[in-house]
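Now for the letters of each chain:
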Amino acid sequence: MSKAILTKGSQTVIGMVHCLPLPGTCGFDGDYRKIIDQAVQDAQTLEKAGVDAVIVENMGDTPFSALLDKAQVAALAAAAAAVREAVKIPIGIDAAFNDCEASLAIAGICRADFIRVPVFVDTVLFSDGIIYPCAKKCMEYRKAMGLSHVKILADVQVKHANMLNPQITVEMSAKDAASNGADAIIVTGAVIGAETPIDMLKRVQKVVNIPVLAGSGVNRGNIHEQLQIADGCIIGSSLKKGGVLTNPIDYDLVREVMEAL
């Protein structure tokens, strides 16, 4: 590993590998191999362009449910395993929308370094109903699986969802996540592509001693400003032509962002 990542002040840049729609989901087109091939291609492009790590996620599986079904778990594991063999940089797993057990199981078998957990300590409303926090289940499952080395990147008040109790502040969520075992905090805008508010990053940084990541809306125009406050960022849609999530990662767009940093 060329530099320490996911540490305070590390300016870690994580690129998203958005899998095409997986088997059994509305958008799946019947081509199993294409899912793996594009995931590998995107991961290799991100590595070549200089990002520090990647996250493999089933972003194409809209509309989301809180947990993955068996076909999705199998396909996401296959894609992640192929990515792990194709790149040397650290990889993470995000079994969206909030399947921490699937993420951890895949991380174990694929030798991943971290997972992303969208709803770790909050209770939120999203398109498929209410999602309850999974911190206890996540930490116990990580221990039971012998995966204590796999880091937990926990979103607070995650995008595409609304807090069931809006009186809970982002500071309260962040402190709760840290005290329940999160290794890093992710702060996002309201939706994909929406810039993470600088003020919100500052507020979270003041109350936790673990890394804080900007989780949405980072691009070549704001990455320098964002990483003056955040310890790292997660980038996806701005690395694809037109911001279209099913498009492959564009090498030139990644280089523009990295050079801006």
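Here we summarise the structure given alongside this text. Just so it is clear, the structure is predicted and the values come from calculations on it, not from any experiment. (Residues numbered from 1 in each chain as written. Predicted model: local features only at pLDDT ≥ 70, side-chain atom pairs only at ≥ 80, totals over all residues. Heavy atoms only, no water.)

**Description of helix α5 (residues 170-179)**
Formally: Each residue is placed in one exposure class: buried if its accessible area under a 1.4 Å probe, protein chains only, is under 20% of its type's maximum, exposed if it is over 50%, and partly exposed if it falls in between. Segments assigned H or I by DSSP are reported as helices when at least four residues long, segments assigned E as strands when at least two residues long, and all are numbered from the N terminus. When we speak of the arc, we mean the arc of directions from the helix axis to the C-beta atoms. Residue contacts are defined here by distance: any two heavy atoms, one from each residue, within 4.5 Å place the two residues in contact.
Regarding α5, the residues found buried are Val170, Glu171, Ser173, Ala174 and Ala177. Mapping the buried residues of α5 onto a view down its axis gives an arc of 160°, with all of them on the same face. Buried residues along α5 sit in contact with β7 (151-155), β8 (162-163), β9 (184-187) and α6 (198-207). Of the residues flanking the end of α5, it is glycine 181, one or two places downstream, whose phi is positive at about 110°.

**Quick notes on the sheet that holds strand β6 (residues 129-131)**
Filter applied, for reference: Any two strands between which DSSP finds at least two bridges are classified as paired.
Spatially, three strands are ordered β6-β5-β8 in an open sheet, and the strand pairing comes out antiparallel. Each having just a single partner strand, β6 and β8 make up the two edges of the open sheet. Inspection of the sheet shows strand β5 (residues 124-126) paired to β6 by three bridges, in the antiparallel sense. Across the sheet, valine 124 pairs through a bridge with isoleucine 131, a residue of β6.

**Digging into the environment of glycine 217**
Within the secondary structure layout, glycine 217 lies in the loop between β10 (212-214) and α7 (223-229). Classification of glycine 217 by relative accessible area gives buried; the value is 14%. Sequence separation of glycine 217 and glycine 193 is 24 residues, and the distance between their C-alpha atoms is 4.2 Å. In this structure, glycine 217 is in contact with Gly193, Ala194, Glu195 and Asn222, ignoring residues within four places of it in sequence.

**Brief notes about the sheet that holds β9**
Keep this limit in mind: Axis angles are defined between N-to-C directions and span 0 to 180 degrees, where every axis is a line fitted to C-alpha atoms and, for a helix, only to the segment in contact.
Strand order in this closed barrel of eight strands is β1-β2-β3-β4-β7-β9-β10-β11, and the pairing throughout is parallel. Strand-to-strand, the axes of this sheet are offset by a mean angle of 25°, without reference to chain direction. In the packing of helix α1 (residues 32-49) onto the sheet, the strands contacted are β1 (12-18) and β2 (53-57), and the crossing angle to β1 comes to about 160°. The strands touched by helix α2 (residues 70-86) within the sheet are β2 and β3 (91-94), with β3 carrying the most contacts at an inclination of about 170°.

**Topic: the pairing of β7**
Burial analysis of β7 places four of its five residues in the buried class, the great majority of the element. Across three bridges, β7 lies against β9 in parallel orientation. From the neighbouring strand, aspartate 155 faces β9, where its bridge partner is isoleucine 186.

**As for unusual backbone geometry**
Look at the link from threonine 62 to proline 63: it is a cis peptide, with omega at -5°. One can find proline 63 in the loop between β2 and α2. At the junction of alanine 96 and phenylalanine 97, the peptide bond is cis and its omega measures out at 10° in the coordinates. With respect to the helices and strands, the residue phenylalanine 97 is situated in the loop between β3 and α3 (100-110). We note that leucine 6 has phi near 55°; this positive angle belongs to a residue other than glycine. Relative to the assigned elements, leucine 6 resides in the segment before β1.

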